[in-house]
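So the chains spell out like this:
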Amino acid sequence: MKKKTVLFLCTGNSARSQMAEALLRSRAADLFDVFSAGTQPEDIDQRAIDAIARFGADTRGLVSKKLQTFAGKTFDYVITLCDKANNECRSYPGAGKQLAWDFPDPKNRAGEQAFLTTLNDINNRLTMFLSVEQPTTESMSLETKSALNAAEFSSIDPLAFYKCLTDDIRLKSLMLTHYHGELCVCELMAALNEDSQPKVSRNLALLKKAAIISDRKNGQWVFYRINPNLPLWAKSVIAQTTENNLGLILSSLQRLDIMQNRPNKVSFCR
């Protein structure tokens, strides 16, 4: 089978496009010939090389190249990795399919692990790309491919998942449970300042029916936690929502801290 060609484009060709080139080549060199270039090329950032190496991908042969290097060549896929490159090359001549991805520049990203974070983001997007675009699945019907993709990426209905986040009690219950690990109904009632146990229990039942939370019984208490079998994407949504919106549950956490006669927990790691 003839390999397909992919060109990753970014402004400097110093980090994101180099990461994408190394990752896709590492993961699917038998399926794709992979290249990268920059509209205004710069030297490769050593931190990008270090991140790629730590990930286990080969960094040999990575050099910064200007876009003109590939003048007149055609590619099955041209993928821009930043808005600036997309605006400059919105319609690349000779591209069979053009995709516009946008990742924050790791040089301007906060945190000590900025380059590894960007590398991981690109790797996750490549997982999706390979599931949809890899040549070995071209002979499948659209229905078969869609079914395989759905099975690979999720064991939970995304519509049901996001609908569960639209209610104040359910969203805050998930955030509080993510923060504490597990909580019982009475603890959630105190945290949410909610007097109606049936109301809280009803919302927890909906979360359990959607397979977002799981429960365990210990004596007279039923404890709830985020379902450990929840897909990573769904766990990430809950985690990111909690970690970036603590103000939404700060008063709830304070009420929980001063709650009297909290149930005595036994480890739920069983």
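Note: the structure precedes this text.
The model shown is predicted, which means the values in this text are computed figures rather than measured ones. (Residues numbered from 1 in each chain as written. Predicted model: local features only at pLDDT ≥ 70, side-chain atom pairs only at ≥ 80, totals over all residues. Heavy atoms only, no water.)

**Student:** I tried to follow the packing of aromatic side chains on my own but got confused; where do I start?
**Tutor:** Aromatic rings considered in pairs are described by the distance between their centres and by the relative angle of their planes. Evaluation of the coordinates by the stated rule reveals 13 aromatic pairs. Ring centres of F8 and W101 lie 6.5 Å apart, and the angle between their planes is 45°; this geometry places the pair in the tilted category. Separated by 93 residues along the polypeptide, F8 in strand β1 (residues 4-10) and W101 in the loop between β4 (95-100) and α4 (114-133) bring together distant segments of the chain. Here F8 matches W101 in class, with each residue buried. Relative to F103, the ring of W101 has its centre 6.4 Å away and its plane inclined at 90°; by these criteria the two rings are edge-to-face. Within the aromatic cluster, the residues linked to one another by ring pairs are F8, F32, Y77, W101, F103 and F129. (Phe/Tyr/Trp six-rings, centres within 6.5 Å; stacked < 30°, edge-to-face > 60°. Helix = DSSP H or I, 4+ residues; strand = E, 2+ residues; numbered from the N terminus. Buried < 20%, exposed > 50% of the residue type's maximum accessible area, 1.4 Å probe, protein only.)

**Student:** Sorry if this is basic, but what is going on with the state of the cysteines here?
**Tutor:** Cysteine pairs can be linked by a disulfide, which is a covalent bond between their two sulfur atoms. Here the structure, examined in full by the defined rule, presents zero disulfides. Residue C82 stays outside any disulfide, its sulfur separated by 3.4 Å from that of C10, the closest cysteine. On the basis of relative accessibility, which here comes to 5%, the residue C82 falls in the buried class. No disulfide involves C89; its sulfur sits 9.2 Å from that of C82, the nearest cysteine. Its relative accessible area of 8% is what places C89 among the buried residues. (Disulfide = S-S within 2.5 Å.)

**Student:** Explain the sheet that holds strand β3 (residues 75-80) here, please?
**Tutor:** Sheet strands pair via backbone hydrogen bonds, and the direction of the pair is either parallel or antiparallel. Pairing is parallel in the open sheet, where four strands are placed in the order β2-β1-β3-β4. The strands lining the two open edges of the sheet, one partner per strand, are β2 (32-38) and β4. Mean inter-strand twist for the sheet, computed between neighbouring axes without regard to direction, equals 20°. Pairing of β1 with β2, which is carried by seven bridges, proceeds in the parallel orientation. (Pairing = 2+ DSSP bridges. Axes fitted to C-alpha atoms, helices over the stretch in contact; angles between N-to-C directions.)

**Student:** Honestly, helix α8 (residues 185-192) in this entry has me stumped. Any pointers?
**Tutor:** An α-helical turn contains 3.6 residues, so any two residues separated by three or four positions project in the same direction. Counting buried positions along α8 gives six out of eight residues, so the element sits mostly inside the fold. Turning to α8, its buried residues are V185, E187, L188, M189, A191 and L192. On its buried face, α8 sits against α7 (168-180), β5 (183-184), α9 (197-209), β7 (221-226) and α11 (250-257). Looking one or two places after α8, you find N193, whose phi comes out positive at around 55°. (Contact = heavy atoms within 4.5 Å.)

**Student:** Whenever I open this one, the pairing of strand β6 (residues 213-218) confuses me. Can you help?
**Tutor:** Within a regular beta strand, the side chains point alternately toward one face of the sheet and then the other, so they alternate between its two faces. The pairing of β6 with β7 spans six bridges and is antiparallel. Looking at β7, one finds that R216 is bridged to F223. What sits between β6 and β7 in their antiparallel hairpin is a turn of two residues, with G219 showing a positive phi close to 65°.

**Student:** Mind showing me how you'd approach the nonpolar core here?
**Tutor:** The nonpolar side chains of a soluble globular protein tend to be buried with one another. In terms of nonpolar packing, the biggest core is built from 32 residues, with F8, L24, F32 and F129 touching the most fellow members. Breaking this core down by element, the ones donating at least two residues are β1, α1 (16-28), β2, α2 (46-55), β3 and α4. When sequence neighbours within four positions are dropped, the list of residues in contact with F129 reads V6, L24, F32, Y77, I79, L99, W101 and Q134. Judged by nonpolar contacts, the second largest core, of 30 residues, contains L183, V185, I213 and L253. (Core = buried A, V, L, I, M, F, W, Y, C linked by side-chain atoms within 4.5 Å.)

**Student:** Whenever I open this one, the pattern of salt bridges confuses me. Can you help?
**Tutor:** Between side chains of opposite charge, a pair can form when the charged atoms approach closely. Counted under the stated rule, the structure contains 14 salt bridges. Across the pair E21 and R25 runs a salt bridge whose closest N-O atoms are separated by 2.5 Å. In this pair, E21 and R25 both sit in helix α1, four residues apart, roughly one turn of the helix. Using a relative accessible area of 30% as the deciding quantity, one classes R25 as partly exposed. Taking the shortest distance from any N to any O, the salt bridge between E42 and K107 comes out at 3.2 Å. Taken together, the positions of E42 in the loop between β2 and α2 and K107 in the loop between β4 and α4 put the pair 65 residues apart, joining distant regions of the chain. A relative accessible area of 42% places E42 in the partly exposed class. A relative accessible area of 31% means that K107 is categorised as partly exposed. Salt bridges here are not isolated pairs; linked through shared partners, they connect E21, R25 and K65. (Salt bridge = Lys/Arg side-chain N within 4 Å of Asp/Glu carboxyl O.)

**Student:** Sorry, what's going on with the sheet that holds β6 here?
**Tutor:** A sheet is described by the order of its strands in space; here three strands give the open sequence β5-β7-β6, paired in antiparallel fashion. A single partner strand is all that each edge strand has here, and the edge strands are β5 and β6. Sheet contacts for α7: β5, β6 and β7; angle to β7, the most-contacted strand, approximately 90°.

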